[in-house]
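# Coordinates in review
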Amino acid sequence: MSQNTGAQVGSEIDTAHTDMIHDAQMDYHGKRLATCSSDRTVKIFDVEEGVSEEKYTLVKELRGHEGPVWQVAWAHPSFGSLLASCSHDKKVFVYRENDAGWEKIKSFSHLSSVNSVAWGPQSVDKPLLASASSDGTVQVHEMMNSPDDWSSKSIDAHAGGVMSVSWAPSITQRSLVQGADRIKLRFATCGCDNLIKIWEKDQSGNWNQAHVLQGHTHWVRDVAWTPNSGIANAMIASCSQDGTVLIWEEGERWNSKPLWSADRAKHTGTVWRVSWSLTGSILAVSTSDNKVTLWKQSLTEDTWDCVSELSQPNV
């Protein structure tokens, strides 16, 4: 699920993928759509607004992965046209669009399936890309002096495997040591140890575990940090194989509240994905019963209300 909700509700796109589609992401401006599939391809579509519906035109099919492609992610346009993909083949690919079209500019490797990729915030000077793998690690890749020059750091994150990674909006802090502002970088991960972890970058460039959030009783499938939208306290949404979605709010400590009742959780099954709208006011939730529900925080801020539900027949 993309954070950009440019696609019209109910529109159907013939992607011509020959196997299951695992992810679909709009770019920042909603003018490009990237999809990926078990057919081992990534496809890029131009999006044009029509009178009654949007028009999707295939502009490029990217090949090279040797297994199902689980996820795609667009970088912020301030870094140019950059797209990342990750696959069961243990690889992460980075593609760039230039005058000649799309080309693969970099490949990174894990020891097992790579389940998630996410670009860092736009406020940093150079593109940052995080990749999460079933080998239990998260790698943080930073473009250096040229598109083919990257540095990478590996973090032992979750025993049993990492399912997802999500960056926090960057925060500018005043450094008492250096007497200048610096950008505070954080990201959240989740995994097969039923935990969510928050990682922070220190002034030496190392990534340290800052918090461990416990609340789920089974694998945590996805985690999503709310975008920077003027919300007083940072919030994270997490979802699990235990049928629950938790909303974590940062204060003196991280506290969680369930998105829905325990009774609903018993009948939901696995919750696969959570995704915030660009404003951070709507949370989309995808479940194993082929439903996507949209949730909005109530005026009392103690509960969340379901404002829409979309169902897809079994295929």
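Refer to the structure presented above.
Let me begin by describing the structure that accompanies this report. (Residues numbered from 1 in each chain as written. Predicted model: local features only at pLDDT ≥ 70, side-chain atom pairs only at ≥ 80, totals over all residues. Heavy atoms only, no water.)

For the rest of this paragraph, the subject is the environment of Val212. Mapped onto the fold, Val212 is located in strand β18 (residues 207-214). Taking the C-alpha atoms as reference points, Val212 and Ala188, separated by 24 residues in sequence, lie 9.7 Å from one another. Apart from residues no more than four positions distant in its own chain, Val212 is found in contact with Leu195, Ile196 and Lys197. (Helix = DSSP H or I, 4+ residues; strand = E, 2+ residues; numbered from the N terminus. Contact = heavy atoms within 4.5 Å.)

Looking now at the nonpolar core. Ranked by size, the top nonpolar core spans 32 residues in total, and within it Leu82, Val94, Trp119, Leu129, Trp167, Phe187 and Trp207 carry the most contacts. Elements represented by at least two residues in this core include exactly β6 (82-87), β7 (91-98), β8 (101-109), β9 (114-119), β10 (128-133), β11 (137-143), β12 (150-156) and β13 (162-167). Other than its neighbours up to four places away in sequence, Leu129 contacts Ala84, Val92, Val94, Phe108, Val117, Ala118, Trp119, Gln139, Val140 and His141. (Core = buried A, V, L, I, M, F, W, Y, C linked by side-chain atoms within 4.5 Å. Buried < 20%, exposed > 50% of the residue type's maximum accessible area, 1.4 Å probe, protein only.)

Moving on: the sheet that holds β12. Pairing is antiparallel in the open sheet, where 4 strands are placed in the order β9-β10-β11-β12. Looking at strand neighbours, the two that pair on one side only are β9 and β12, the edges of this open sheet. Here the average twist between neighbouring strands, direction ignored, is 20°. Both β11 and β12 contribute to a ladder of 7 bridges, which runs antiparallel. Each bridged residue has a counterpart across the sheet, and for Met143 the counterpart in β12 is Trp150. (Pairing = 2+ DSSP bridges. Axes fitted to C-alpha atoms, helices over the stretch in contact; angles between N-to-C directions.)

Attention now goes to the sheet that holds strand β22 (residues 254-258). The strand order across the open sheet built from 4 strands is β19-β20-β21-β22, with neighbouring strands paired in antiparallel fashion. Each end of this open sheet is capped by a strand with a single partner; those strands are β19 (220-225) and β22. Here the average twist between neighbouring strands, direction ignored, is 25°. Pairing geometry for strand β21 (residues 245-250) and β22, over 5 bridges, is antiparallel. Of the residues in β22, the one forming a bridge with Glu249 is Asn255.

A positive phi is found at Ala16, a non-glycine position, where the angle reads about 65°. Following the sequence through the fold, Ala16 ends up in the segment before β1 (21-26). Non-glycine residue Asn290 carries a positive phi angle of around 65°. By secondary structure assignment, the location of Asn290 is in the loop between β24 (282-287) and β25 (291-297). Owing to a relative accessible area of 32%, Asn290 belongs among the partly exposed residues under this scheme.

This part covers the pattern of salt bridges. Side chains that differ in charge, positive against negative, can pair when their charged atoms come close. Evaluation of the coordinates by the stated rule reveals 10 salt bridges. Across the pair Asp46 and Arg32 runs a salt bridge, and its minimum N-O distance is 2.5 Å. Separated by 14 residues along the polypeptide, Asp46 in strand β3 (residues 42-48) and Arg32 in strand β2 (residues 32-37) bring together distant segments of the chain. Residue classification places Arg32 among the buried positions, given a relative accessible area of 17%. Of the charged contacts, one joins Glu103 and Arg96 as a salt bridge, the two residues approaching to 3.6 Å between their closest N and O atoms. (Salt bridge = Lys/Arg side-chain N within 4 Å of Asp/Glu carboxyl O.)

Purely geometric numbers; function is a separate question.
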